[in-house]
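One-letter residues, chain by chain:
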Amino acid sequence: MTAVAERMAATAELLSAPPFSDRDDAVCRYAFTPGFAATVDHVGSLLADAGLRVRRDRAGTLWGDRGAPGAPRVGVGSHLDSVRRGGRWDGVLGMLVALEVARAAPDLPVRAVAWVEEEGAGFGQLLLGSRIATGAVDADALATAIRALDDGRPFTEHARAAGMPTAACTESAAILDGMVAWIEPHIEQARVLEDTGTRLGVVDRIAGFVQGELVVEGRADHAGATPMALRRDAGLLAAEVMLRLEELALTHGAVATVGDVVLTPGAMNVVPARARLTLDIRGPHDAAVLGTLEEVLAFAGERAVARGLRTDYRERSRQPATVLDTGVVDALADAARVEGIEPLRMVSGAAHDTMVLAPYVPSAMLFVPCVDGLSHDPGEAVDPADAALAVRVVTRAAHTLIGGRDG
Ligand code: HGY
Ligand code: MN
Ligand code: MN
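Residues numbered from 1 in each chain as written. Chains lettered and ligands numbered in written order. Predicted model: local features only at pLDDT ≥ 70, side-chain atom pairs only at ≥ 80, totals over all residues. Heavy atoms only, no water.

## With respect to the overall build of the protein
And then number 1: On a plain count of helices and strands, the protein comes out with twelve helices and 16 strands.
And then number 2: Since a compact globule built from 407 residues should have a radius of gyration of about 22 Å, the 22 Å found for the protein is in line with a globular shape.
And then number 3: With the C-alpha coordinates aligned to their principal axes, the bounding extent of the protein is approximately 75 × 45 × 35 Å.
And then number 4: A buried classification covers 55% of the 407 residues belonging to the protein. (Helix = DSSP H or I, 4+ residues; strand = E, 2+ residues; numbered from the N terminus. Rg over C-alpha atoms; globule rule 2.2 N^0.38 Å. Buried < 20%, exposed > 50% of the residue type's maximum accessible area, 1.4 Å probe, protein only.)

## Quick notes on the domain arrangement of the protein
And then number 1: Segmenting the protein into domains produces domain 1 (3-207 + 321-402) and domain 2 (208-319).
And then number 2: Between the C-alpha centres of domain 1 and domain 2 there is a distance of 33 Å.
And then number 3: With 16 residues of domain 1 at the contact, the number on the domain 2 side is eleven residues.
And then number 4: The contact between domain 1 and domain 2 buries some 1000 Å² in all, and 50% of this surface belongs to carbon and sulfur atoms.
And then number 5: It is Leu126, Ala207 and Ala321 in domain 1 that bury the most area against domain 2; as a group they hold 40% of the surface buried on that side. (Domains from an automatic or database assignment. Contact = heavy atoms within 4.5 Å. Buried area = accessible area lost by both parts, 1.4 Å probe.)

## Let's talk about the pattern of salt bridges
And then number 1: Under the counting rule described, the total for this entry stands at 33 salt bridges.
And then number 2: The closest approach of N and O atoms between glutamate 194 and arginine 191, which form a salt bridge, is 4.0 Å.
And then number 3: On the accessibility criterion, glutamate 194 (32% relative accessible area) is partly exposed.
And then number 4: In the salt-bridge network here, residues are joined through shared partners; they are Glu213, Asp260, Arg276, Asp312, Arg314 and Arg316. (Salt bridge = Lys/Arg side-chain N within 4 Å of Asp/Glu carboxyl O.)

## Section: the layout of surface pockets
And then number 1: The volume enclosed by the largest pocket comes to roughly 1200 Å³.
And then number 2: Breaking the lining of the largest pocket down by element, the ones donating at least two residues are strand E7 (208-217), strand E9 (255-257), strand E12 (274-283) and strand E13 (310-319).
And then number 3: With five residues, E12 is the single largest residue contributor to the lining of the largest pocket.
And then number 4: Counted by class, the lining of the largest pocket contains eleven nonpolar, 14 polar and 14 charged residues.
And then number 5: In terms of domain composition, the lining of the largest pocket takes at least three residues from each of domain 1 (3-207 + 321-402) and domain 2 (208-319). (1 Å grid on protein atoms, 1.4 Å probe; cavity = no way out; pocket = protein on both sides within 12 Å on 5 of 7 lines; lining within 4 Å. Points joined across faces, edges and corners; volume = space filled by probe spheres on them. Nonpolar A, V, L, I, M, F, W, Y, C, P; charged D, E, K, R; others polar.)

## Overview of the packing of helix H3 (residues 92-104) against helix H12 (residues 384-403)
And then number 1: At a minimum axis distance of 9 Å, the contact between H3 and H12 shows a crossing angle of 55 degrees. In this view, H3 runs oblique relative to H12, as classed from their interaxial angle. Note on packing geometry: the crossing formed by H3 with H12 is right-handed. Residue-level inspection shows Leu93, Val97, Glu100, Val101 and Ala104 of H3 in contact with H12, the latter providing Ala387, Ala390, Val391, Val394 and Thr395.
And then number 2: Across the contact of H3 with H12, the residue classes break down as eight nonpolar, one polar and one charged. (Axes fitted to C-alpha atoms, helices over the stretch in contact; angles between N-to-C directions. Parallel < 35°, antiparallel > 145°, perpendicular 65-115°, else oblique. Left-handed = near helix turned anticlockwise from the far one by under 90°.)

## Quick notes on the coordination of the manganese ion (ligand 2)
And then number 1: Binding of the manganese ion (ligand 2) to the protein goes through Asp90 (OD), Glu119 (OE) and His376 (NE2), at separations of 2.0 to 2.2 Å.
And then number 2: By relative accessible area, which is 41% here, histidine 376 ends up partly exposed. (Donors = N, O, S within 2.8 Å, 3.2 Å for Na, K, Ca; no water.)

## Looking at the site of ligand 1
And then number 1: Every residue close to ligand 1 is listed here: Glu118, Glu119, Leu126, Arg282, Ala350, Ala351 and His376.
And then number 2: At 2.7 Å, a backbone N or O of alanine 351 approaches an oxygen atom of ligand 1.
And then number 3: The side chain of histidine 376 places a nitrogen or oxygen atom 3.0 Å from an oxygen atom of ligand 1.
And then number 4: Applying the majority rule of atoms within 2 Å of the grid points places ligand 1 in the largest pocket. (Near = heavy atom within 4 Å. Polar contact = N/O pair within 3.5 Å; in protein donor to acceptor, adjacent residues only side chain to side chain. Sits in = over half its atoms within 2 Å of the grid points.)

## Notes on the coordination of the manganese ion (ligand 3)
And then number 1: Donor atoms from the polypeptide that bind the manganese ion (ligand 3) are His79 (NE2), Asp90 (OD) and His186 (NE2), placed at 2.1 to 2.2 Å.
And then number 2: All donors of the manganese ion (ligand 3) belong to a single chain; written as a sequence motif, their spacing is H-x10-D-x95-H.
And then number 3: A spacing of 3.4 Å is found between the manganese ion (ligand 3) and the manganese ion (ligand 2), which share aspartate 90 as a donor. Separated by 107 residues along the polypeptide, histidine 79 in strand E3 (residues 73-79) and histidine 186 in strand E5 (residues 179-187) bring together distant segments of the chain.

## Digging into the packing of helix H8 (residues 234-252) against helix H9 (residues 286-307)
And then number 1: Here H8 crosses H9 at 150 degrees, and the two axes come no closer than 9 Å. By the criterion of interaxial angle, the relationship of H8 to H9 is roughly antiparallel. Two packed elements cross with a definite hand, and for H8 against H9 that hand is right-handed. Here Leu236, Leu237, Glu240, Val241, Arg244, Leu245, Leu248, Ala249 and His252 of H8 lie close against H9, whose contacting residues are Ala288, Gly291, Thr292, Glu295, Val296, Phe299, Ala300, Arg303, Ala304 and Arg307.

What follows is the structure, encoded as structure tokens:
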């Protein structure tokens, strides 16, 4: 194993356990937990050691920068937060590639960025850091609507308590200044690369998504004494919605997930008075995603009337399917060919900050295989040689992309 591969594997291993994770049986860190803070501090110090000027913006996004003031930059990065029971390479791969690129190419004007709250595990909002940087989320939303899943307090309150400057978190826009290209290296999180025996994928399109939560209100009743015909069981409507959502996703050619269902009061001998279920619908074609959402909400409404229940849908966030930049895609593909690899052109089913940045900065992604396609799970694994290969490819592509620019 090369020194770069070893170093990347060792750092991914280090960051996968306390104090860099808030649990010891999986990777768990999100804004602004102790594990997240420790990880951002550690990666920040590594970026500084590589010669980058490191900053944390007011929202908690970490960025390291090198190059003449005002001169063009190539952005490379991903995220350091995780889902609540995650793996060691999701997001971290992109940051370690950015770090190694900065080390491998001391002359390259590079900006390494770890976007805060990519997973939304803390505040229920996917891609929050990049949406703040592009102005899609404003200071008012951060101070009111966007609240922590754990304690309901607003984002800015948590950011301030974590030591972020108190001003509005909208300073992040500076991260995009002068960025002429953005590359996000990432694990594939599926198994196409593995099944086809391809070591690299170049992502030229990212599936769109809509996420929200459906709340069903019924009535608590005694589980033994209440006849079935008299019940207003919120749990049964939740079950109907989950199965109908599966049917609609298959019909529309989308994918849909109910990842979290909470029944209240949550007792074996009480008919559920309330159900809260999360809806996550995605696909490469927006019409299919939005059609699935529309029809499942209509279904929920009809069934609620039939069952004497009430429903309320609250959207969390949505992003359209996003086509990435052919110039950046080609630079990555050409760089892979220098390594003797014909990369697979891919659509990413997973969401990434790259889809938020793409309208503002020419962007693309580089995928490396993850073993068995497993991700969002502590079993996530990557061949460190593939991680080191990604460093060489991104370094070469970044030089191509910055090549003709003055500065
Ligand atoms: O949910 C996603 O697609 C990503 O892992 N944040
Ligand atoms: Mn993820
Ligand atoms: Mn990710």
